[in-house]
Amino acid sequence: MPARENEASPLGFERPLLGEPYLLTPGPLTTSLATKQAMLRDWGSWDADFRALTAELRRRLLAMIGDVDGAFECVPMQGSGTFCVEAMLGTLVPRQGKVLVLANGAYGLRAAQTLRALGRAHTVIDKGDYLPPRGEEVGAALDADPAITHVLAIHCETSSGILNPVEEIAQATYARGRKLLIDSMSAFGAVPTDLRTLRYEAIVSSANKCIEGVPGFGFVLVRRSELEAAKGNSHSLSLDLHDQWTVMEKTGQWRFTPPTHVVAAFIEALHQHAAEGGVAGRGARYANNRDVLVAGMRAAGFETLLDERWLSPIIVTFFCPADPNFSFPAFYELMKEKGFLIYPGKLTAVESFRVGCIGHLDADVMRAVVAAATRSLAEMKVASAAPAPHVLGERAKLVA
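The residue numbering used here restarts from 1 in each chain and proceeds along that chain's sequence as written. In keeping with the model being predicted, local features are shown solely for residues with a pLDDT of at least 70 and side-chain atom pairs are shown and tallied solely at 80 or more, while totals for entire chains, interfaces and linings include all residues. To get the side-chain values, take all heavy atoms of the structure and skip hydrogens and water.

It is not clear to me how the overall build of the protein should be interpreted in this structure. Could you clarify?
Each helix is a run of DSSP H or I of at least 4 residues and each strand a run of E of at least 2, with the numbering of both proceeding from the N terminus. Helices and strands together make up the secondary structure of the protein, namely 13 helices and 14 strands. In terms of overall dimensions, the protein has C-alpha extents of about 60 × 55 × 35 Å along its principal axes. Across the 400 residues that make up the protein, the buried fraction comes to 59%. Note on definitions: a residue-residue contact is assigned when non-hydrogen atoms from the two residues lie within 4.5 Å. In the protein, the proportion of contacts linking residues at least 24 apart, taken out of those at least 6 apart, comes to 73%. Each accessible area value is a Shrake-Rupley result obtained with a 1.4 Å probe; residue values ignore everything except the protein chains displayed when judging cover. For the protein, the exposed surface amounts to about 15400 Å²; the carbon and sulfur share of it is 55%. Charge counting treats Lys and Arg as positive and Asp and Glu as negative, with His and both chain ends excluded. Here the site of a charge means NZ on Lys, CZ on Arg, CG on Asp, or CD on Glu. Taking the 40 positively charged and 44 negatively charged side chains of the protein as two groups, their mean positions are separated by 3 Å. Categorising residues by exposure relies on relative accessible area from a 1.4 Å probe, with only protein chains included: less than 20% of the type maximum marks a residue as buried, more than 50% marks it as exposed, and the intermediate range marks it as partly exposed.

Shown next as structure tokens:
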């Protein structure tokens, strides 16, 4: 098991109460004991007390993006993050609209797949496994195709761990009179999304990411004027953001059975988020987790896919060692035995694995991860963690 088995860290990050592994993933993730305990109470979904929880989460999330003018609405939606992305696309993109999807990993490609299922016209800039879409590319694509009405950007593409340059994407989009939609599933709450510095029409995330809640619902923060214009757009009854918003505005209730325990846990997680210093505080801890992890893994001989400019504070991709004794399935099981669940890679060009930096954990845990990885390599009789020489050529393709 990792270090600190029976004690809390100086910062108060107790290890999981039941001894379960740390979830070093981009969500679901390790949650605090207080968040778990918030789920012990049952709630009536129509009761005034639960309606107050819903109102609080909507209010707190809007404050997180600096909605000082009251121009935006928060619409929570049952289901996974993918449900909410589909709700955003299916509701806010008119049936005659067209979307430019910016893809550099699995989640941009999934958005394109969603649009195909919805019957919405779209085109894709596919940068491959990890290269970032840049503002000039977006501008050129919009100039070439006046039919495009919306741009869909992935804030943090967790396939690689890259933090995409959404600010320059937004500038290119609005300079040409188009609208930006952001999938900030794994970045919201730790990476700034303030409306005063970043323009968009809607941004979507999920309860079980950087707010450190548990899975069960997501939310779309959307400009009210876009919602008002979206009546009748949706292909779906249950994923209609406009209808969900209308009912919540009238009654304070969710249209269909809400995940009551998950909402209660999310409120507790929001309180912890605020106590840590909000987006800036949460982001600083995650960035420190990343820095400690990366420094330790590099010292152990591992190489990161990305250089410093593009590393997100959410999840880091490492190349697999070239040593013939290395096997990721065996490495995974050895890490699990030591108390850590890591993620397999999603790159197509090279073998890799990923380690998340988010959740209720700190730099002490990251040091324990490095120690566990080092011990696991020794147990596998892997002499070097270095990747094959040609693999580093992939990293060299990243533009400065």
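On we go.
Would you explain the side chain of Ser-160 in this entry?
Considering the arrangement of structural elements, one finds Ser-160 in the loop between β6 (156-157) and β7 (162-163). When its relative accessible area of 1% is taken as the criterion, Ser-160 is described as buried. What qualifies as a polar contact is a pair of N or O atoms within 3.5 Å, subject to a donor-acceptor requirement within protein and to the restriction that residues adjacent in sequence count only when both atoms come from side chains. A distance of 3.3 Å separates the side chain of Ser-160 from the backbone nitrogen of Ile-162, its partner in a polar contact.

Honestly, the nonpolar core in this entry has me stumped. Any pointers?
In this structure, Leu-61, Leu-180, Phe-217, Leu-221 and Phe-266 are the most contacted members of the largest nonpolar core, which totals 45 residues. Sorting elements by how many residues they give to this core places helix α9 (residues 260-275) first, with 8 residues. Setting aside residues no more than four positions away along its own chain, Leu-61 makes contact with Cys-74, Phe-188, Phe-219, Leu-221, Phe-266 and Leu-270. In these notes, a set of buried Ala, Val, Leu, Ile, Met, Phe, Trp, Tyr and Cys residues joined through side-chain atoms within 4.5 Å is what counts as a nonpolar core.

Would you explain the pattern of salt bridges in this entry?
Two side chains with opposite charge may pair up if their charged atoms get near one another. By definition here, a salt bridge exists when the distance from a side-chain nitrogen of Lys or Arg to a carboxyl oxygen of Asp or Glu is within 4 Å. For the coordinates displayed, the defined rule picks out 21 salt bridges. A salt bridge links Glu-73 to Arg-224; the shortest N-O distance between them is 2.7 Å. On the criterion of sequence distance, the pair formed by Glu-73 in strand β2 (residues 72-78) and Arg-224 in helix α7 (residues 224-228) is long-range, its members being 151 residues apart. Salt-bridge contacts for Glu-168 lead to Arg-134; the nearest nitrogen and oxygen are separated by 2.8 Å. On the criterion of sequence distance, the pair formed by Glu-168 in helix α6 (residues 166-175) and Arg-134 in the loop between β4 (121-126) and α5 (135-144) is long-range, its members being 34 residues apart. Looking at Glu-168, the relative accessible area reads 22%, which means it is partly exposed. Residue class for Arg-134 comes out buried when judged on its relative accessible area of 12%. What you see here is one network of salt bridges that share partners, running through Arg-58, Glu-73, Arg-224 and Glu-249.

Please explain empty space enclosed by the protein as it appears in this structure.
Sizing a probe to match a water molecule and rolling it over the atoms shows the empty space that remains. Think of a 1 Å grid over just the protein atoms. A cavity is a set of points where a 1.4 Å probe fits yet cannot get out, a pocket is an open set with protein on both sides within 12 Å along at least five of seven lines, and lining residues have an atom within 4 Å of a point. Grid points are joined across faces, edges and corners, and a volume is the space filled by probe spheres set on the points. Taken as a whole and judged by the stated rule, the model has 1 cavity of 30 Å³ or more. Taken together, Glu-14, Arg-15, Pro-16, Leu-17, Thr-30, Thr-31, Ser-32, Leu-33, Lys-36 and His-360 make up the lining of the largest cavity. Here the lining of the largest cavity is composed, by residue class, of 3 nonpolar, 4 polar and 3 charged. Under the scheme applied, nonpolar residues are Ala, Val, Leu, Ile, Met, Phe, Trp, Tyr, Cys and Pro; charged residues are Asp, Glu, Lys and Arg; polar residues are all the others, including Gly.

Is there a simple way to think about the layout of surface pockets in this case?
Taken as a whole, the largest pocket spans an internal volume of roughly 390 Å³. Among the secondary structure elements, those contributing two or more residues to the lining of the largest pocket are α3 (81-92) and α4 (106-118). With 4 residues, α4 is the largest single contributor of residues to the lining of the largest pocket. A per-class count over the lining of the largest pocket returns 10 nonpolar, 10 polar and 5 charged.

How should α3 be read in this particular structure?
Structurally, the α-helix is built with 3.6 residues per turn, so residues lying three or four positions apart point the same way. Each residue after the first adds 1.5 Å to the expected span of a helix. Its 12 residues give α3 an end-to-end C-alpha distance of 16 Å, which sits within 8% of 16 Å, the value for a rise of 1.5 Å per residue. α3 sits mainly inside the fold: 9 of its 12 residues count as buried. When we look at burial in α3, the residues that qualify are Gly-81, Cys-84, Val-85, Ala-87, Met-88, Leu-89, Gly-90, Thr-91 and Leu-92.

Please explain the pairing of strand β5 (residues 150-154) as it appears in this structure.
Two faces, one strand: in a regular strand the side chains alternate between the faces of the sheet. Counting buried positions over the 5 residues of β5 gives 5, a clear majority of the element. Residue alternation in β5 divides its side chains into two sets, His-150, Leu-152 and Ile-154 and Val-151 and Ala-153, and both sets are buried. Two strands are counted as paired when DSSP detects at least two bridges linking them. Here 3 bridges tie strand β3 (residues 98-103) to β5, and the two strands are oriented parallel to one another. Note on β5: the bridge partner recorded for Leu-100 is Val-151. As paired elements, β5 and strand β8 (residues 179-183) share 5 bridges and run parallel to each other. Of the residues in β8, the one forming a bridge with Ile-154 is Asp-183.

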